[in-house]
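Listed below, chain by chain, are the residues.
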Amino acid sequence: MSITVVGSVAYDSIETPAGRRERCLGGAATYFSLAASFFTDVRVIAVVGEDFGRKQETVFAARNIDTRGIEHTAGKSFFWEGSYLENINEAKTRSTELNVFASFEPKIPDAYRDSEFLFLANIDPILQRRVRDAMPNVKLVAGDTMNYWIKDHRPALLEVLKGLDVLLINDTEARMLAGNNNLVQAARGVMALGPRALVVKHGEYGATLFYSSPSKNRGDELRTFRAPALPLKEVVDPTGAGDSFAGGFFGYLASQPEQTPTAWRHAMFYGSVMGSYACERFGTERLQQISRAEIDARFNVFRELTHLD
Ligand code: AMP
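About the cut-offs
- Residues numbered from 1 in each chain as written.
- Predicted model: local features only at pLDDT ≥ 70, side-chain atom pairs only at ≥ 80, totals over all residues.
- Heavy atoms only, no water.
- Near = heavy atom within 4 Å.
- Polar contact = N/O pair within 3.5 Å; in protein donor to acceptor, adjacent residues only side chain to side chain.
- Areas by Shrake-Rupley, 256 points an atom, 1.4 Å probe, with all protein chains shown as cover.
- Helix = DSSP H or I, 4+ residues; strand = E, 2+ residues; numbered from the N terminus.
- Disulfide = S-S within 2.5 Å.
- Buried < 20%, exposed > 50% of the residue type's maximum accessible area, 1.4 Å probe, protein only.
- Phe/Tyr/Trp six-rings, centres within 6.5 Å; stacked < 30°, edge-to-face > 60°.

Taken together, 19 residues surround the ligand, and among them Ser 8, Asp 12, Gly 27, Gly 240 and Asp 243 come closest. At 2.7 Å, a backbone N or O of Gly 27 approaches an oxygen atom of the ligand. In this structure, Gly 242 approaches the ligand through a main-chain N or O atom, which is 3.2 Å from an oxygen atom. Burial of the ligand by the protein chains amounts to 88% of its free accessible area of 500 Å². Those elements that provide at least two residues to the shell around the ligand are strand S2 (10–16), strand S6 (78–83), helix H4 (147–152) and helix H8 (241–255).

Here the structure, examined in full by the defined rule, presents 0 disulfides. Unpaired in terms of disulfides, Cys 24 finds its nearest cysteine sulfur in Cys 279, a separation of 14 Å. Given a relative accessible area of 16%, Cys 24 falls into the buried group.

Here we take up unusual backbone geometry. Of note, Arg 23 is a non-glycine position whose phi angle comes to about 45 degrees, a positive value. With respect to the helices and strands, Arg 23 occurs in strand S3 (residues 19–26).

Inspection of every chain in the model, using the stated rule, returns 16 aromatic pairs. Measuring from ring centre to ring centre gives 5.7 Å for Phe 117 and Phe 250, while their planes differ by 80 degrees; the resulting arrangement is edge-to-face. Of the two residues, Phe 117 sits in strand S8 (residues 117–120) while Phe 250 sits in helix H8, which places them 133 residues apart along the sequence. The class of Phe 117 is buried, set by a relative accessible area of 0%. With a relative accessible area of 0%, Phe 250 lands in the buried category. With a centroid separation of 4.6 Å and an interplanar angle of 90 degrees, the aromatic rings of Tyr 148 and Trp 149 are classed as edge-to-face. With relative accessibility at 32%, the residue Tyr 148 sits in the partly exposed group. Residue Trp 149 is classed as buried on the basis of its relative accessible area, which comes to 3%.

Shape is all these values report; function is a separate question.
Printed below as a string of structure tokens:
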């Protein structure tokens, strides 16, 4: 099985209580693909500028991620600057420079066309929609977005939501998208816009899966499953935790022969495992070091964290 992902590949400048890093490799598609690559084959669609070099290429190559869909063009790569000084669970954006993404026309390499899974990582919803439309035969489509697009690009985002099976967003975004502060009501509101499942990420408090399941007498019933986050000694940098969660979640699902309710629950835990690793160092540093054996060992720590008897 393989996943095709479209999203930002970027340089990030990040400030957290643990320190500051300038222009480290980031981007939603970068974190997603690194995390998912531990579970399945990953193919990336993005665009980068002349400032993206061999050192950054190597990060993808070391995880066998297919980068034939990353277009290199004149100009500067996407740049994002964020701070977690006020709230470690939510980035405050200081600056977003779309740069080469402003005029990006995604092209899907022929070699990507047999992907059965598609992930629309955080990027302009117009680009997400184009890639979704160009891959009509995928089996499962998941996606992410953020306040920036919810606030100012809503009509385009609503078009994307119609084509999604699963949406992964944080709780502030879910409430904002639905215009409702109650999480369950917000989940119903968001699911009415298209996705049949919704994963709401709560930062250090874990994540909740909402999905509808046919019930005998009452039509579709909203079901809920919650995975915790691992209490960490120190959160060095939460950037990319959400995308890494998505990579672990969707990567695990893609690696399973069937997407049963049990597989979805396990996927929630693998998502939490990958999110926890992302926070342990700045940028992608930690994701570049870990092994599948460490991931499975941490999965067992999560089992213990939640096991009752
Ligand atoms: P998260 O998992 O939510 O912490 O995602 C952080 C990543 O999202 C960073 O590496 C940024 O480069 C990227 N990012 C921030 N703003 C945007 C945006 N407007 N569109 C796409 N990607 C973004």
